[in-house]
Structure formats: C-alpha cells, structure tokens
Amino acid sequence: MNRPQRDTALIREAGITLDRALFPLLVGIERKGPLGVGELADLVARDYTTVSRQVAKLESLRLVKRRPSNSDKRVSEATITAKGRAMTNALDAARERVASLLLADWSKKDLQDLARLMRRFADDLLAWRT
C-alpha cells in the first residue's frame, strides 16, 4: 500500500500535477495540520531538513502556507490553503473511484467482513503499546 508507484498512480487518477515526494506531506498537513516541520517529519518518517525543503516547495506552489504556531511563536506551522484542499479533495475522489473499481465484484458479506476486520485492526493498532 505504501509503494511509491501507488502514489504516482493515484496522482495520475486524480488528474493533478504534484511531485510524488510532496504527496504524503500535503495529505499529512491537510489531515493533521497545522503542523510544524518536526511533527511533519516524524509523521512521514523523513529527516527534518528534507521536509523543510519540501514544505517550502509546497508553499511556493501555494498549496500550503506557513504561520507562527499558536503555542510557540518560534515555531512555524504549515497549514493547507484552498488550492491545497482542492488538490487533496481530488486525491480523495480518486481514491474512492479506485476503491469502487476494486471492490465492485465483492459480495455484501465480503464488504461487511472487510469493514469489521479493518475496524478491529484499527482498534488493536490504537491499543498497541499505549
């Protein structure tokens, strides 16, 4: 699921132009933002300096903007812009189209089982080492 080729295919399906390396950052900022570079680096498991450069690129594309943190004015946080949200909305719609195609031949029971087991997996993952 985390293969780079999947991100490339999803970007293509969404009909957007975005460097594949920026994809998880944009989505992370939209889903969990506003985020400082350190938090974002931890989220995507990349080093701080790389993420800092990539956030600057997202900012130059007007997909995110930086602002001082509410809790620590020394920290700059990235937040999604309207243009960035439009892009993540296109990615979400593409995900839905792909999932619909992949699951089209699944029975109702198979879909219910998938939902039940994914919920169990998510719950177990949240409870793990807490």
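Refer to the preceding data block for the structure.
To keep things clear, this report deals only with the structure shown in the data block.

Analysis parameters
- Residues numbered from 1 in each chain as written.
- Predicted model: local features only at pLDDT ≥ 70, side-chain atom pairs only at ≥ 80, totals over all residues.
- Heavy atoms only, no water.
- Helix = DSSP H or I, 4+ residues; strand = E, 2+ residues; numbered from the N terminus.
- Areas by Shrake-Rupley, 256 points an atom, 1.4 Å probe, with all protein chains shown as cover.
- Lys, Arg positive; Asp, Glu negative; His and termini not counted.
- Charge placed at Lys NZ, Arg CZ, Asp CG, Glu CD.
- Buried < 20%, exposed > 50% of the residue type's maximum accessible area, 1.4 Å probe, protein only.
- Arc of directions from axis to C-beta.
- Contact = heavy atoms within 4.5 Å.
- Core = buried A, V, L, I, M, F, W, Y, C linked by side-chain atoms within 4.5 Å.
- Axes fitted to C-alpha atoms, helices over the stretch in contact; angles between N-to-C directions.
- Parallel < 35°, antiparallel > 145°, perpendicular 65-115°, else oblique.
- Nonpolar A, V, L, I, M, F, W, Y, C, P; charged D, E, K, R; others polar.
- Salt bridge = Lys/Arg side-chain N within 4 Å of Asp/Glu carboxyl O.

**A word on the overall build of the chain**
The secondary structure content of the chain amounts to 6 helices and 3 strands. Helices and strands appear in the chain in the N-to-C order α-α-β-α-α-β-β-α-α. Overall size of the chain, expressed as C-alpha extent along the three principal axes, is 50 × 40 × 25 Å. Accessible area for the chain stands at about 9100 Å²; split by element, carbon and sulfur atoms hold 55% of it. If the 25 positive side-chain charges of the chain are averaged to one point and the 17 negative ones to another, these points end up 3 Å apart.

**Quick word on helix α3 (residues 37-44)**
Along α3, the residues classified as buried are Val37, Leu40, Ala41 and Val44. Summarising the axial view, the buried residues of α3 lie within an arc of 105°, below the 170-degree limit, and thus occupy one face. On its buried face, α3 sits against α2 (23-32), β1 (35-36), α4 (48-60) and β3 (76-80). Of the residues one or two after α3, Ala45 is the one with positive phi, at around 55°.

**With respect to the nonpolar core**
Generally speaking, soluble globular proteins have nonpolar side chains that are buried together. One finds Ile16, Leu18, Leu26, Val51, Leu58 and Leu91 to be the most contacted residues of the largest nonpolar core, which totals 27 residues. Listing elements by their share of this core, those giving two or more residues are α1 (4-14), α2, α3, α4, β3 and α5 (82-103). Ranked by residues supplied to this core, first place goes to α2 with 5 residues. Those residues in contact with Ile16 that lie beyond four places of it in its chain are Ile11, Met87, Ala90 and Leu91.

**Regarding the packing of α1 against α5**
In contact at an axis separation of 8 Å, α1 and α5 are set at 105° when each is read in the N-to-C sense. In terms of axis orientation, α1 runs roughly perpendicular to α5. When α1 is examined against α5, the residues Leu10, Ile11, Glu13 and Ala14 are found in contact with a partner set consisting of Ala90, Leu91, Ala94, Arg95, Arg97 and Val98. A class-by-class count of the residues in the contact of α1 with α5 yields 7 nonpolar, no polar and 3 charged.

**A few points about the pattern of salt bridges**
In this structure the tally under the stated criterion is 12 salt bridges. Where Arg66 meets Glu59, a salt bridge forms, and the shortest distance between an N and an O atom there is 3.0 Å. Where Glu77 meets Arg67, a salt bridge forms, and the shortest distance between an N and an O atom there is 3.6 Å. Here Glu77, found in strand β3, pairs with Arg67, found in strand β2 (residues 64-68); they are 10 residues apart in sequence, far enough to count as distant. When its relative accessible area of 31% is taken as the criterion, Arg67 is described as partly exposed. Three or more residues joined by partner-sharing salt bridges are found here, namely Glu30, Arg31, Arg85, Asp92 and Arg95.

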